[in-house]
Amino acid sequence: MTDQQIIDALIARNERVTQQFFFGNCRPLFSSIIRYVFSYEVDYDEFVNEFYLHLMENDAYRLRQFQGRSTIYQWMKVIAIRYFIAKRDSMIDNESKDALLDSVVQNETVDGEKRMTAKMDIEHLFSLMPNRRYVYVIRRLVLQEAEPKVVAQELCTNVDNLYNIKKRAIAALTEIALKEVEKYEKEISK
């Protein structure tokens, strides 16, 4: 496919071409941009999702600006670097100062010891998550029950993408929790 054919297929939302382009052809390019732009770990899928939404805004306005004066990869590189440099400080809120369990354990019958143990367990699981943005989303949406619209604004994204991030964050947390349970069971059985 020519560069213009790829652009046309992306604008037409051709799923096969879009998947191959972003998750196959552009993976080395985008991986190097992630390393160049961010000083913290950024999930590749999240990066692509954010960038794709950016490209497709206003009826794919940015994609329609491609004029073929450079290769599509060089053009994508410039657009992605500009976009993510401007956005890198808002991709994640580093460390929340808020208490983790304020909205999780509201039941007054739960004694202080159980509350502290639960808080320590959650903190431990969060410390094992490499993607700090996932931790932030779980804290804000699940633990603090913040409005999705507010959290989306805090992260400079839209609500639809926020739900995608939340889904991946919960899946990552679940995977880590299951590994910890398995590790704990092995230690007990010794």
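Visitor: Lay out the overall build of the chain in plain terms, naming residues and giving numbers.
Guide: Each helix and strand in the chain was counted, giving nine helices and zero strands. Secondary structure elements in the chain, listed N-terminal to C-terminal, are α-α-α-α-α-α-α-α-α. Relative to its full complement of 190 residues, the chain shows a buried share of 39%. Sequence separation of at least 24 residues holds for 64% of the intrachain contacts in the chain that already meet a minimum separation of 6. Approximately 11600 Å² of the chain is accessible, and the part contributed by carbon and sulfur atoms is 51%.

Visitor: Any chance you could break down the packing of helix α1 (residues 3-11) against helix α2 (residues 15-25) for me, citing the residues and the numbers?
Guide: A pair of packed helices is captured by two measures, namely the crossing angle of their axes and the spacing between those axes. Packing of α1 against α2 brings their axes to within 8 Å, and their N-to-C directions diverge by 115°. Considering the relative orientation of α1 and α2, their crossing is left-handed. From α1, Ile-6, Ala-9 and Leu-10 reach across to α2, where they touch Val-17, Thr-18, Phe-21 and Phe-22. Looking at the contact of α1 with α2, its residues break down into six nonpolar, one polar and no charged.

Visitor: Any chance you could break down the pattern of salt bridges for me, citing the residues and the numbers?
Guide: Across all of its chains, the model carries eight salt bridges by this definition. Residue Arg-64 pairs with Asp-59 through a salt bridge whose shortest N-O separation is 3.4 Å. Note on Arg-64: relative accessible area 45%, which makes it partly exposed. Put simply, Glu-175 and Lys-179 hold a salt bridge, and the shortest N to O gap is 3.3 Å. Of this pair, Glu-175 and Lys-179 both sit in helix α9 (residues 159-189), four residues apart, which is roughly one turn of the helix. On the basis of relative accessible area, Glu-175 is assigned to the partly exposed category, the value being 47%. Through salt bridges with shared partners, a single network forms among Glu-46, Glu-50 and Arg-133.

Cut-offs used in this document
Residues numbered from 1 in each chain as written. Predicted model: local features only at pLDDT ≥ 70, side-chain atom pairs only at ≥ 80, totals over all residues. Heavy atoms only, no water. Helix = DSSP H or I, 4+ residues; strand = E, 2+ residues; numbered from the N terminus. Buried < 20%, exposed > 50% of the residue type's maximum accessible area, 1.4 Å probe, protein only. Contact = heavy atoms within 4.5 Å. Areas by Shrake-Rupley, 256 points an atom, 1.4 Å probe, with all protein chains shown as cover. Axes fitted to C-alpha atoms, helices over the stretch in contact; angles between N-to-C directions. Left-handed = near helix turned anticlockwise from the far one by under 90°. Nonpolar A, V, L, I, M, F, W, Y, C, P; charged D, E, K, R; others polar. Salt bridge = Lys/Arg side-chain N within 4 Å of Asp/Glu carboxyl O.

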